[in-house]
Amino acid sequence: MRRKLVVGNWKMNGNLHQLAEIAEIAAAAKAAAGVDVALCPPFTLIAPAVARSNGLAIGAQDVHPAESGAHTGAVSAAMLKEVHAQLVIVGHSERRAEAGETDAQVRAKAEAALARGLQTIVCVGESEAEREAGRHVDVVTGQVKGSLPDDGHEGEMVVAYEPIWAIGTGKVATPADVAEMHAAIRGALRERLGERGGRIRILYGGSVKADNAAELFAVPDVDGALVGGASLTAAQFVPIVEAAARH
Ligand code: 13P
């Protein structure tokens, strides 16, 4: 039985004034039994968020594969651990698009994060054009094969399926689309990692809101959600956490 995991990705949003939201989310996360909750604010808010986290896991949205060195603008896994981050998102489609990250680079980041004991969420997802061409399953299972380390421990490695056309658009994949893809990802994980592939959690991301969360959590192999816009306020995020706790 895989425990549900709900992760908020604040992207490039959030300032010191919004730390009160984090405290409110943390209180609700504590009250929600049977579900894991985490929040990934921008780097600047990780340390102050940890101070208000009350046990809520706080993470980052990216990490550099190297330990340290001449990598202007980058942050290492060791640095994240030092400020008590517990997880990191790698290979988000916005980074693949804006920073040109390849599967190999995403994999190197995941390996560095896992080696330092950070829970690591590897993102995959197809574009609208790839789906329209009927290539979505091949594209995503190819990303799973190319981006995931071989030796990720199941408690520590998570896959997030985020169809690019559903991110920030209000367009949600249908339960049938999600079921097809999560089954394909599960198959790729088992093929790649054997029995361990059955224990890795697969999150859905893309316009998850309070009013569609329960339907998504009911889909087989949906083990939680990666939430963007609706994670910015406790009012929108907490009902999603509560929906996960009911499943
Ligand atoms: P939205 O929930 O805003 O669509 O963003 C999804 C996402 O990209 C989370 O990583």
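Residues numbered from 1 in each chain as written. Predicted model: local features only at pLDDT ≥ 70, side-chain atom pairs only at ≥ 80, totals over all residues. Heavy atoms only, no water.

**What to know about the site of the ligand**
In step 1: In the region of the ligand, 13 residues are neighbours, and Lys11, His92, Gly168, Ser207 and Gly229 sit closest.
In step 2: In the model, an oxygen atom of the ligand is placed 2.8 Å from a nitrogen or oxygen of the His92 side chain.
In step 3: Here Gly229 contributes a backbone N or O atom positioned 2.8 Å from an oxygen atom of the ligand.
In step 4: For the ligand, whose accessible area on its own is 310 Å², the fraction buried by protein is 97%.
In step 5: Of the residues assigned to the shell around the ligand, the class counts are 4 nonpolar, 7 polar and 2 charged. (Near = heavy atom within 4 Å. Polar contact = N/O pair within 3.5 Å; in protein donor to acceptor, adjacent residues only side chain to side chain. Areas by Shrake-Rupley, 256 points an atom, 1.4 Å probe, with all protein chains shown as cover. Nonpolar A, V, L, I, M, F, W, Y, C, P; charged D, E, K, R; others polar.)

**Points about the nonpolar core**
In step 1: Judged by nonpolar contacts, the single largest core of 66 residues is most densely connected at Val6, Leu56, Leu80, Ile185, Leu189, Tyr204 and Phe217.
In step 2: Looking at this core element by element, the count peaks at 7 residues for helix H10 (residues 234-245).
In step 3: Non-local contacts of Leu189, meaning those with residues more than four positions away in its chain, are made with Val144, Leu148, Val159, Gly194, Gly197, Ile200 and Ile202.
In step 4: Ala38, Ala57, Ile89 and Leu203 belong to the second-largest nonpolar core, a separate cluster that totals 13 residues. (Core = buried A, V, L, I, M, F, W, Y, C linked by side-chain atoms within 4.5 Å. Buried < 20%, exposed > 50% of the residue type's maximum accessible area, 1.4 Å probe, protein only. Helix = DSSP H or I, 4+ residues; strand = E, 2+ residues; numbered from the N terminus. Contact = heavy atoms within 4.5 Å.)

**Quick notes on the pairing of strand E4 (residues 87-90)**
In step 1: Neither face of E4 is exposed, since Leu87 and Ile89 on one face and Val88 and Val90 on the opposite face are all buried.
In step 2: Of the pairings in the sheet, the one linking strand E3 (residues 57-60) to E4 comprises 2 bridges and is parallel in character. By the bridge assignment, Gly59 is partnered in E4 with Leu87.
In step 3: Note that the unit made of E3, helix H3 (residues 77-82) and E4 has a crossover that is right-handed. (Pairing = 2+ DSSP bridges. Right-handed = clockwise from strand over helix to strand, strands pointing away.)

**Focus: the packing of helix H1 (residues 19-31) against H10**
In step 1: Interaxial distance between H1 and H10 falls to 10 Å at its minimum, and their mutual angle equals 20°. In terms of axis orientation, H1 runs roughly parallel to H10. Of the two possible hands of crossing, H1 and H10 adopt the one that is right-handed. In contact with Glu21, Glu24, Ile25 and Ala28 of H1, H10 contributes Ala234, Phe237 and Val238.
In step 2: Considered class by class, the residues forming the contact of H1 with H10 number 5 nonpolar, no polar and 2 charged. (Axes fitted to C-alpha atoms, helices over the stretch in contact; angles between N-to-C directions. Parallel < 35°, antiparallel > 145°, perpendicular 65-115°, else oblique. Left-handed = near helix turned anticlockwise from the far one by under 90°.)

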